[in-house]
Amino acid sequence: MQKTHSTMAEKAVLRPTGRVIYEVSLQHVGSLNALRQREPTTIYFSNLRKAVDAITAELAFNNWPPRVNYTAVYRGIKQREFYSCDFDVAGTRVFRVKVVSRILNPALPRLGIDENPVR
């Protein structure tokens, strides 16, 4: 059972060159944002489990329903490359929690510069 050249090349393409981090942002949306202006809050986590645990702990601390769980966040990121959940009171949206995976220290591109032809 030998590995073909194409499967080895596919594995090289699939491996990311940087480290994956998770960006968690809280955006205040809806009509209540017009009354009390707030800037979006963004924090970063190196571990998805810690990010979800921090979100659920903060929601529980402030008496919001625990609508965020690890499985939903993981599936959302794998399928759509982000997870988003809106929270509302009496039909009025208050804020949105969004989790996005980012690559920390990606490989540097060649910037499209060709080799100097004059030599």
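Let me begin by describing the structure that accompanies this report. Small disclaimer: the values here were computed from a predicted structure and weren't measured.

Topic: the sheet that holds strand β1 (residues 19–28)
Adjacent strands of a sheet pair through backbone hydrogen bonds, lying either parallel or antiparallel.
For step 1, the next point in the chain: If you trace the 4 strands from one edge of the open sheet to the other, you get β2-β1-β4-β3, paired in antiparallel fashion. Where the open sheet ends on each side, the last strands, each with one partner, are β2 (41–45) and β3 (82–89). When the angles between neighbouring strand axes are averaged without regard to direction, this sheet yields 20°.
For step 2, the next point in the chain: The sheet contact formed by β3 and strand β4 (residues 92–104) spans 8 bridges and is antiparallel. Its bridge partner lying in β4, serine 84 is registered against lysine 98.
For step 3, the next point in the chain: Across the face of the sheet, helix α3 (residues 48–61) comes into contact with β1, β2, β3 and β4 while running at roughly 165° to β4.
For step 4, the next point in the chain: Of the strands in this sheet, β1, β3 and β4 touch helix α4 (residues 70–80), which is tilted by about 130° from β3.

Describing α3
For step 1, the next point in the chain: When the terminal C-alpha atoms of α3 are compared, their 20 Å separation across 14 residues agrees well with the 20 Å that a helix rising 1.5 Å per residue should span.
For step 2, the next point in the chain: By the burial criterion, the buried members of α3 are Leu48, Ala51, Val52, Ile55 and Leu59. The arc enclosing the buried residues of α3, seen along the axis, measures out at 95°, which places them on a common side. Turned more than 90 degrees away from the buried face of α3, the exposed residues are Lys50, Ala60 and Phe61.
For step 3, the next point in the chain: Among the structural elements, β1, β2, α4, β3 and β4 are those in contact with the buried residues of α3.
For step 4, the next point in the chain: By the N-cap criterion, in which a side-chain oxygen at the helix start approaches the backbone nitrogen of a residue two or three places on, α3 is capped by asparagine 47, the distance to arginine 49 being 2.8 Å.
For step 5, the next point in the chain: At the exit of α3 stands asparagine 63, carrying a positive phi of roughly 60°.

Rules used throughout
Residues numbered from 1 in each chain as written. Predicted model: local features only at pLDDT ≥ 70, side-chain atom pairs only at ≥ 80, totals over all residues. Heavy atoms only, no water. Pairing = 2+ DSSP bridges. Helix = DSSP H or I, 4+ residues; strand = E, 2+ residues; numbered from the N terminus. Axes fitted to C-alpha atoms, helices over the stretch in contact; angles between N-to-C directions. Contact = heavy atoms within 4.5 Å. Expected span 1.5 Å × (residues − 1). Buried < 20%, exposed > 50% of the residue type's maximum accessible area, 1.4 Å probe, protein only. Arc of directions from axis to C-beta. Polar contact = N/O pair within 3.5 Å; in protein donor to acceptor, adjacent residues only side chain to side chain.

Treat this as a map of the structure, not an account of what it does.
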